[in-house]
Amino acid sequence: MFQVIQVFPQEKAIFRREHQSGFYTTLPYYFSKVFSELPLVWIYPLVFQAICYYMVGLQMGADKFFILFAVIVMSKVCALFTGLAVGSAAPTFEIASLIAPMIMILYLLLSGLYINLDNIRCI
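What you are looking at is a predicted structure, and each value in this text was computed from that prediction instead of being measured. (Residues numbered from 1 in each chain as written. Predicted model: local features only at pLDDT ≥ 70, side-chain atom pairs only at ≥ 80, totals over all residues. Heavy atoms only, no water.)

**Observations regarding the nonpolar core**
Across soluble globular proteins, nonpolar side chains show a tendency to be buried alongside one another.
Part 1: One finds Val4, Phe8, Phe15, Tyr29, Val34, Val41, Phe69, Val73, Val77, Leu80 and Leu84 forming the largest nonpolar core, which totals 11 residues.
Part 2: With 5 residues, the single largest contributor to this core is helix H3 (residues 62–89).
Part 3: In contact with Tyr29, not counting residues within four places along its chain, are Phe8, Glu11, Phe15 and Tyr24.
Part 4: Listed in part, the 6 residues of the second largest apolar core include Ile5, Ala90, Ala96 and Ala100. (Core = buried A, V, L, I, M, F, W, Y, C linked by side-chain atoms within 4.5 Å. Buried < 20%, exposed > 50% of the residue type's maximum accessible area, 1.4 Å probe, protein only. Helix = DSSP H or I, 4+ residues; strand = E, 2+ residues; numbered from the N terminus. Contact = heavy atoms within 4.5 Å.)

Right, dumping it as structure tokens:
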């Protein structure tokens, strides 16, 4: 998320100039930005998981490995989209870098990791 926040405010002036000149609309820019980030979204989690999965001793099996890989990739994609949203909504990098940690703390608080197991009712 923080890599996208650093890059997008720098590109915002260029995007506005090219958008006003009629070179392209918002949708092609957005898709090109997302597709250019996809190799990083896939490669880094794959390297991370290939090292850590067997070192930690998680359940063996290709299906379990790729389920965890899909979860990690989806988490990274959500962070990428959140970073794009914060970077595009904030007028400057400084403001974006102030907003992003607040959103990350909100994600951490609402993720369910801090729930008391005694408060969960069985159905």
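**Side note on the pattern of salt bridges**
Part 1: Evaluated as defined, the whole model comprises 1 salt bridge.
Part 2: Notably, a salt bridge pairs Lys33 with Glu11, separated by 3.2 Å at the nearest N-O pair. Here Glu11 lies in helix H1 (residues 2–21) and Lys33 lies in helix H2 (residues 26–56), a separation of 22 residues in the sequence.
Part 3: Take Lys33: its relative accessible area is 9%, and that puts it in the buried class. (Salt bridge = Lys/Arg side-chain N within 4 Å of Asp/Glu carboxyl O.)

**Comments concerning H2**
Working note: α-helix, 3.6 residues per turn, so residues spaced by three or four point in the same direction.
Part 1: With 31 residues, H2 extends 43 Å from end C-alpha to end C-alpha; this agrees with the ideal 45 Å at 1.5 Å per step.
Part 2: Taking the largest bend as the criterion, H2 deviates by roughly 35°, centred on Glu37, and proline Pro39 comes between one and four positions later.
Part 3: Restricting attention to buried positions, one finds in H2 the residues Tyr29, Lys33, Val34, Val41, Pro45, Gln49 and Tyr53.
Part 4: Looking one or two places after H2, you find Gly57, whose phi comes out positive at around 90°. (Expected span 1.5 Å × (residues − 1). Bend = angle between axes of the 7 residues up to and from the residue.)

**So, the side chain of Lys33**
Part 1: A polar contact of 3.2 Å, which involves the side chain of Lys33, links it to the side chain of Glu11.
Part 2: Excluding residues within four positions of it along the chain, Lys33 makes contact with Val7, Glu11 and Leu84. (Polar contact = N/O pair within 3.5 Å; in protein donor to acceptor, adjacent residues only side chain to side chain.)

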